[in-house]
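Now for the letters of each chain:
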Amino acid sequence: MLKLNSIENIQLTSQIFLKPEYKIHDTVSGNKFRKLKYNLERFQSGDFEGILTFGGAYSNHISATAAAGKAFGFPTIGIIRGLEVSNKIELNPTLLYARKCGMNLDFVTRQDYRNRHDDFFNLYLRDKYPNYYIIPEGGTNELAIKGCEEILDYQDKIFDIVCCSVGTGGTLSGIINSSFPHQKIIGFTALKGTFLKQDICKFVKRSNWELCQDYHMGGYAKVNLELIKFINEFKLEFNIALDPIYTGKMMYGVFDLISKGVISDKDKVLVIHTGGQQGIEGMNQYLKSNNLNLII
Ligand SMILES: *Cc1c(COP(=O)(O)O)cnc(C)c1O
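Residues numbered from 1 in each chain as written. Predicted model: local features only at pLDDT ≥ 70, side-chain atom pairs only at ≥ 80, totals over all residues. Heavy atoms only, no water.

### Quick word on the nonpolar core
Move 1: Core analysis: the biggest nonpolar cluster contains 35 residues, and C163, F188, F234, M251, V254 and V271 have the highest contact counts within it.
Move 2: The set of elements that each furnish at least two residues to this core consists of β2 (16-20), β7 (161-166), β8 (184-189), α9 (225-238), α10 (247-259), β10 (269-273) and α11 (279-289).
Move 3: With residues up to four places along the chain from it excluded, the contact list for V271 reads I16, F17, L18, K19, C163, M250, M251 and V254.
Move 4: Listed in part, the 19 residues of the second largest apolar core include F17, V162, I185 and W209. (Core = buried A, V, L, I, M, F, W, Y, C linked by side-chain atoms within 4.5 Å. Buried < 20%, exposed > 50% of the residue type's maximum accessible area, 1.4 Å probe, protein only. Helix = DSSP H or I, 4+ residues; strand = E, 2+ residues; numbered from the N terminus. Contact = heavy atoms within 4.5 Å.)

### So, the state of the cysteines
Move 1: Overall, the coordinates contain zero disulfides when judged by the stated rule.
Move 2: Left unpaired, C164 is separated from the closest cysteine sulfur, that of C148, by 8.0 Å. (Disulfide = S-S within 2.5 Å.)

### Regarding the packing of helix α2 (residues 60-72) against helix α3 (residues 93-100)
Move 1: The geometry of α2 relative to α3 is characterised by a closest axis approach of 8 Å and an angle of 20 degrees between their N-to-C directions. In terms of orientation, α2 and α3 fall into the roughly parallel class. Here α2 runs over α3; the crossing is left-handed. On the side of α2, the interface is formed by I62, S63, A66, A67 and K70, while α3 contributes T94, Y97, A98 and K100. (Axes fitted to C-alpha atoms, helices over the stretch in contact; angles between N-to-C directions. Parallel < 35°, antiparallel > 145°, perpendicular 65-115°, else oblique. Left-handed = near helix turned anticlockwise from the far one by under 90°.)

### What to know about the pattern of salt bridges
Move 1: Scanning the model with the defined rule gives twelve salt bridges in all.
Move 2: With a closest N to O distance of 3.0 Å, R99 and E90 form a salt bridge.
Move 3: For R99, a relative accessible area of 38% corresponds to the partly exposed category.
Move 4: Close ionic contact of E137 with R116 constitutes a salt bridge, the shortest N to O distance being 2.7 Å. (Salt bridge = Lys/Arg side-chain N within 4 Å of Asp/Glu carboxyl O.)

### Details of the sheet that holds strand β5 (residues 104-108)
Move 1: Here we have four strands laid out as an open sheet, ordered β5-β4-β3-β6, and parallel in their pairing. Pairing within the sheet leaves two strands with one partner each, and these edge strands are β5 and β6 (132-135). Mean inter-strand twist for the sheet, computed between neighbouring axes without regard to direction, equals 25 degrees.
Move 2: With five bridges joining them, strand β3 (residues 50-55) and strand β4 (residues 76-81) adopt parallel strand pairing. Bridge assignment links T53 to a residue of β4, and that residue is G78.
Move 3: Where helix α1 (residues 30-45) meets the sheet, its contacts fall on β3 and β6, and the angle it forms with β6 comes to roughly 160 degrees.
Move 4: Relative to the sheet, helix α5 (residues 119-128) contacts β3, β4, β5 and β6, its axis offset from that of β3 by approximately 145 degrees. (Pairing = 2+ DSSP bridges.)

Shown next, in the form of structure tokens:
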């Protein structure tokens, strides 16, 4: 059931190669599938009704979980942040898609959503949806990291530097765990860093990594004209779509660090394209309503 498409690194420049993780499954995109993989195995070996998880209105993880439910035939429930979103489903490509995949969307107040780790809220959910396998927001848990340890393979040993976008840090942790000792792993944060470093330290045993916090561009899901321009130029040059939340910012950072000489031109660099292109449509709605250039 959990067969992945085989993928090959794509050469971008004499020193940069891209791993197209967005191609590993036809509908369940990129790192979110890696993170689901062993959770799906655990789910299937147990006696669960379906999978319940959490996310914002444009979440890649919600989209991927819904797609997995449809592809593999199990019920999914998405606990979505923000009651106000519930009357705007028709305008939201992510939620429309999730609903089309059969996901049952349950909107909660932002306050309740903040309490999603609390026992009381979890008891309430377990009562409302008995016997559901629960995956946390963003999909990060031990099994998710195990899945992300399969992103790098032996042939990637030739690279000196591996770059990846960071949300919760689960994907980066998996990559660090399966990296080679001579490699440096750089995580580009998509949000203003908080406790990320400590979170990642809980999951990894190595120290050949660092976080680069210089390219979140104002914070999670914030964009600027320069980023949109970069994403569009990248698409024209390489025919690869970058998403504006994660991979676009990381790639912008990689090119910037190389142009500044922070990453030496002698280093062979592998960038992980973790997917997320489903978010482009929602971002374009926002850009359009603000009369800004769209992502092509
Ligand atoms: C979720 C996501 C990330 C971040 O993954 P984490 O494991 O939460 O750090 C990176 N890129 C894309 C495209 C994502 O959807």
